[in-house]
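# Chain and residue survey
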Amino acid sequence: MAEHSESADAKVEQTMMEKISDKIHDHHDSSSSSSSDSDTEKPAPATEEASVKDKVFRLFGRERPVHHVFGGGKPADVFLWRNKKISAGVLGGATAVYVLFELLQYHLLTLICHILVGTLAILFLWSNAHTIIHKTPPRIPEVCLPEEPFLQVASELRHQINWAFAQFHNIASGRELKKFLIVIAGLWVLSIVGSWCNFLTLFYITFVLLHTVPVLYEKYEHKVDPLAEKATIEIKKQYGVFDAKVLTKVRETVLKNKRS
């Protein structure tokens, strides 16, 4: 009987130990599963940060870098000073042309004629005097301009002119009041600027701005974009007030006149 009771007690102790071990394993599995769930939930803030970054305000609503906005080719490299020697050479050449024609009052036709006279005189004298000076005659290359680049330029120019005519027709038809006001204001400002300077000066100022403003904006865009966002919000507020007080009344007057 004593042996039977001892075996029964041993069985009870064994079952108790198995239950305790099962509880420990269950607790460990639940903690590991919760930790794995927490690990899988951790990347959520990163995705939220990425979505917030995607919603950052960009000037003119652009979604691509400045280099891609300018086409991403050699002109973009020149405007953004990717090659400082080429950009400085282009800007220096434009400055020299502006000084020559605007400040020194040199005329384009006179310059072309002087260059052609000098070039023809040098080549003619060299070709006839090579036997005297004992040098080989100059090799004058035959210049033949390809047709394809001129056709591409003409096609692109035609496309842009047709687009401008289409926009003009759309605005003149009275469909886009906002665009009408923007175009009128832009033309008015351009006429004022044109009264201050001639076309060559205006062209040179635009050329200099294209070589300075984009590269400065690309460098300090993290400071410019927040300021531009505030200015855009304020402009939209002012336009809303102007629309409510003026443009709405204009629309109502136009509709009344059409009905009458």
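Relevant structure appears above.
None of the values given here were measured: they were computed from a predicted structure. (Residues numbered from 1 in each chain as written. Predicted model: local features only at pLDDT ≥ 70, side-chain atom pairs only at ≥ 80, totals over all residues. Heavy atoms only, no water.)

## A look at a nonpolar patch on the surface
Applied cut-off: Patches draw on residues past 30% relative accessible area with no salt bridge. Two like charges within 9 Å are joined, as are two nonpolar side chains (Val, Leu, Ile, Met, Phe, Trp, Tyr) within 5 Å. Note that accessible areas follow from Shrake-Rupley with a 1.4 Å probe, and for residues the cover is restricted to the protein chains shown. Throughout this description, the term salt bridge denotes a Lys or Arg side-chain nitrogen within 4 Å of a carboxyl oxygen of Asp or Glu. Numbering of helices and strands runs from the N terminus; a helix is a DSSP stretch of H or I covering at least four residues, while a strand is a stretch of E covering at least two. Note on exposure labels: buried denotes an accessible area under 20% of the residue type's maximum, exposed denotes more than 50%, and partly exposed covers the range between, all computed with a 1.4 Å probe on protein chains only.
On the surface, L177, F180, L181, I184, F242, V246, V250 and V254 cluster together into a nonpolar patch covering about 590 Å² of accessible area. For L181, the position within the fold is in helix α8 (residues 177-196). What makes L181 partly exposed here is its relative accessible area of 31%.

## Notes on the packing of helix α5 (residues 84-103) against helix α9 (residues 199-219)
We apply this condition: Under this scheme, a helix contributes an axis fitted over its contacting stretch, all axes are lines through C-alpha atoms, and angles between N-to-C directions fall in the 0 to 180 degree range. Any angle that falls under 35 degrees is termed roughly parallel, while one over 145 is termed roughly antiparallel, one within 65 to 115 roughly perpendicular, and all others oblique. Each crossing is labelled by how the near helix is turned from the far one, with a counterclockwise turn of less than a right angle marking it left-handed and a clockwise turn marking it right-handed. Working rule for contacts: check all heavy atoms of both residues, and any pair within 4.5 Å makes them a contact. Residue polarity is assigned by list, with Asp, Glu, Lys and Arg as charged and Ala, Val, Leu, Ile, Met, Phe, Trp, Tyr, Cys and Pro as nonpolar; anything else, Gly included, falls into the polar class.
Interhelical geometry of α5 versus α9 gives an angle of 165° and a closest axis separation of 11 Å. By the criterion of interaxial angle, the relationship of α5 to α9 is roughly antiparallel. In the packing of α5 onto α9, the handedness of the crossing is left-handed. Residues S87, V90, L91, A94, T95, Y98, F101 and E102 of α5 pack against L200, T201, Y204, F207, V208 and H211 of α9. When the residues that make up the contact of α5 with α9 are grouped by side-chain class, the tally is nine nonpolar, four polar and one charged.

## Looking at the nonpolar core
What counts is decided by this rule: We define the nonpolar core as a collection of buried residues of types Ala, Val, Leu, Ile, Met, Phe, Trp, Tyr and Cys that are connected through side-chain atoms lying within 4.5 Å of one another.
Counting five residues, the largest nonpolar core consists of L91, A94, Y98, Y204 and F207. Those elements that provide at least two residues to this core are α5 and α9. When residues no more than four places from it in sequence are discounted, the contact partners of Y98 are L103, L200, T201 and Y204.

## Topic: the side chain of S87
For S87, the position within the fold is in helix α5. Residue S87 is classed as buried on the basis of its relative accessible area, which comes to 0%. Setting aside residues up to four positions removed in sequence, S87 forms contacts with D77, V78, W81 and H211.

## Looking at the packing of aromatic side chains
Cut-off, in case you're wondering: Each Phe, Tyr or Trp ring (for Trp, its six-membered ring) is paired with any other whose centre lies within 6.5 Å, and the angle between the two planes then decides the class: stacked below 30 degrees, edge-to-face above 60, tilted in between.
One pass over the full model with this rule turns up three aromatic pairs. Ring plane angle 5° and centroid distance 4.5 Å describe the contact between Y98 and Y204, whose orientation is recorded as stacked. On the criterion of sequence distance, the pair formed by Y98 in helix α5 and Y204 in helix α9 is long-range, its members being 106 residues apart. The same class applies to Y98 as to Y204, namely buried.

## A few points about the pattern of salt bridges
Enumeration according to the criterion identifies one salt bridge in this entry. With a shortest N-O distance of 2.9 Å, E218 and R82 are connected by a salt bridge. With E218 in helix α9 and R82 in the loop between α4 (74-79) and α5, this pair connects stretches of sequence that are 136 residues apart. With a relative accessible area of 44%, R82 lands in the partly exposed category.

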